[in-house]
Amino acid sequence: MSEAGLAPLKIGMSARLMHKPPLELGFRNKTLQYLEQAAAHWIMGHGAMVLMLPTLGFDAEVERRRVSVRHYVDVLDGLVMQGGADVSPTSYGQQPMRPEWGGDIVRDRYEMELLEGFLAQGKPVLGICRGCQLLNVAFGGTLYQDIATQREDAKNHVDAELYDRHSHMVVFEPGSKLAELYAEREGGCVTSIHHQAVDRLGADLRVEARSTEDGIVEAIRASGANFVAGVQWHPEFHAVNPGLLSGEPLLDGFLAAARAAQLQRSG
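Just so you know, these numbers come straight off a predicted model, no measurement behind them.

Colleague: Describe the overall build of the chain, naming the residues involved and giving the relevant values.
Modeller: When you go through the chain residue by residue, the secondary structure sums to seven helices and 13 strands. Here the C-alpha radius of gyration of the chain, 18 Å, is about what a compact globule of 267 residues would show, namely 18 Å. Once the C-alpha set of the chain is aligned to its principal axes, its extents read approximately 50 × 50 × 35 Å. Looking at the chain as a whole, 49% of its 267 residues qualify as buried. For the chain, contacts bridging at least 24 residues in sequence account for 70% of all contacts bridging at least 6. Surface summary for the chain: the accessible area is close to 13,000 Å², and the carbon and sulfur share equals 51%.

Rendered as structure tokens:
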């Protein structure tokens, strides 16, 4: 079947979880699952559909034998793991150095199960910020629980006041897929909204980019032919700031991998 005859790609996006919503939202003692619209619109702007994937925890009010992660993976063409709460240190065999760095173990388990399903079917995965960190942990790596505490030589990677206007330069690793996607560029300026980062790299992962000022890992990719990658920055925020590295080559590469896998399945 030609690409022109195929339906729009269906991209699953993992949900952010809000376990204790503010009372003014009117959801007393409920958990909210949501996505940040910039990421969804970034993907939709390329003609793909975005579907948020609710959790299927073992304590969920859903019979898992009726609806499972596999059912979602079967009908989707790719996975994007968006940013959000810290990855729990217990997910990589550590204890939180401070209570506020305890992270969200519920989301960790949910996203790891999603990731495993997409990897098993050879469908592409893109991790953004927390998603990049989760990818590293899922492959057996660890994180700096707080860059400023554990890497005193590092620059400031987060600024609460500036938020998405806080940025720094990254450089691509020579010969990396990122360097290939951003042909003739050695790197660029990216958003920096994270206090955690890759420490020990997970098995079968490669570093694709680093911060130019302190060498902190800013992008990773799994070995092999499948598109399984994470970036520490927020490419979905870059479109409104022409001074930042365009997110288009990265998204084009992800969607091209999703389309190629779809074409292969359709024969």
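After that view, the rundown keeps rolling.
Colleague: So what's going on with the pairing of strand β1 (residues 10-14)? Which residues, and what values?
Modeller: The buried count for β1 comes to four of five residues, which makes it a mostly enclosed element. Summarising the sheet, β1 and strand β4 (residues 49-53) pair through five bridges and their orientation is parallel. The residue of β4 that forms the bridge with I11 is V50. In the sheet, β1 pairs with strand β5 (residues 78-81) via three bridges, with the strands oriented parallel. The residue of β5 that forms the bridge with M13 is V80.

Colleague: Let's hear about the nonpolar core: which residues, and what values?
Modeller: Ranked by internal contacts, the top residues of the largest apolar core, which has 31 residues, are I11, I43 and W233. Going through the elements one at a time, β1, α1 (37-44), β6 (125-128), β8 (167-172), α6 (177-181), β13 (228-231) and α7 (248-266) are the ones with two or more residues in this core. The leading source of residues in this core is α7, at five residues. Contact partners of I43, with chain neighbours within four places excluded, come to I11, M13, A48, V50, V80 and L251.

Colleague: Tell me about the side chain of H234, and name the residues and values.
Modeller: As for its placement among the helices and strands, H234 is situated in the loop between β13 and α7. Those residues in contact with H234 that sit more than four places away from it in its chain are G83, I128, C129, T191 and I193.

Colleague: Describe unusual backbone geometry, naming the residues involved and giving the relevant values.
Modeller: Backbone geometry places N29, a non-glycine residue, at a positive phi of 60°. The class for N29 is exposed, based on a relative accessible area of 76%. Despite not being glycine, E184 shows a phi value in the positive range, around 70°. Mapping E184 onto the fold places it in the loop between α6 and β9 (187-191).

Colleague: Please give an account of the packing of aromatic side chains that cites residues and values.
Modeller: Per the counting criterion, the structure on display carries three aromatic pairs. Where Y163 meets F237, the ring centres are 6.3 Å apart and the plane angle is 55°; that geometry is what we call tilted. Highlighted residues: Y163 in the loop between α5 (147-150) and β8 and F237 in the loop between β13 and α7, separated in sequence by 74 residues. Consider the rings of F172 and Y182, whose centres lie 5.3 Å apart with planes at 35°: the pair is tilted.

Colleague: If you had to explain the sheet that holds β1 to someone new, which residues and values would you point to?
Modeller: Spatial strand order, β4-β1-β5-β6-β13-β12-β11-β8-β9: nine strands in an open sheet with mixed pairing. The open sheet terminates on both sides in strands that have one partner only, identified here as β4 and β9. In this sheet, neighbouring strand axes are inclined to one another by 25° on average, regardless of whether the strands run parallel or antiparallel. Bridge analysis of β5 against β6 gives three bridges, and the strand direction is parallel.

Colleague: Give me α1: which residues, what numbers.
Modeller: If you check which residues of α1 are buried, you get A39, A40, W42 and I43. Buried residues of α1, viewed axially, fall in a sector of 160°; they line one side. At its buried positions, α1 is contacted by β1, β4, β5, β6 and α7. The distance from a side-chain oxygen at the start of α1 to the backbone nitrogen of A38 is 3.0 Å, and the residue carrying that oxygen is E36.

Colleague: I'd like a rundown of the packing of helix α3 (residues 105-120) against helix α4 (residues 130-138), residues and numbers included.
Modeller: Closest axis-to-axis distance for the α3/α4 pair is 10 Å, and the angle between their directions is 75°. By the criterion of interaxial angle, the relationship of α3 to α4 is roughly perpendicular. Taken together, the residues of α4 that come into contact with α3 (itself represented by R107, D108, E111, M112 and L115) are R130, L134, L135, V137 and A138. Residues that form the contact of α3 with α4 fall into these classes: six nonpolar, no polar and four charged.

Definitions and cut-offs
- Residues numbered from 1 in each chain as written.
- Predicted model: local features only at pLDDT ≥ 70, side-chain atom pairs only at ≥ 80, totals over all residues.
- Heavy atoms only, no water.
- Helix = DSSP H or I, 4+ residues; strand = E, 2+ residues; numbered from the N terminus.
- Rg over C-alpha atoms; globule rule 2.2 N^0.38 Å.
- Buried < 20%, exposed > 50% of the residue type's maximum accessible area, 1.4 Å probe, protein only.
- Contact = heavy atoms within 4.5 Å.
- Areas by Shrake-Rupley, 256 points an atom, 1.4 Å probe, with all protein chains shown as cover.
- Pairing = 2+ DSSP bridges.
- Core = buried A, V, L, I, M, F, W, Y, C linked by side-chain atoms within 4.5 Å.
- Phe/Tyr/Trp six-rings, centres within 6.5 Å; stacked < 30°, edge-to-face > 60°.
- Axes fitted to C-alpha atoms, helices over the stretch in contact; angles between N-to-C directions.
- Arc of directions from axis to C-beta.
- Polar contact = N/O pair within 3.5 Å; in protein donor to acceptor, adjacent residues only side chain to side chain.
- Parallel < 35°, antiparallel > 145°, perpendicular 65-115°, else oblique.
- Nonpolar A, V, L, I, M, F, W, Y, C, P; charged D, E, K, R; others polar.

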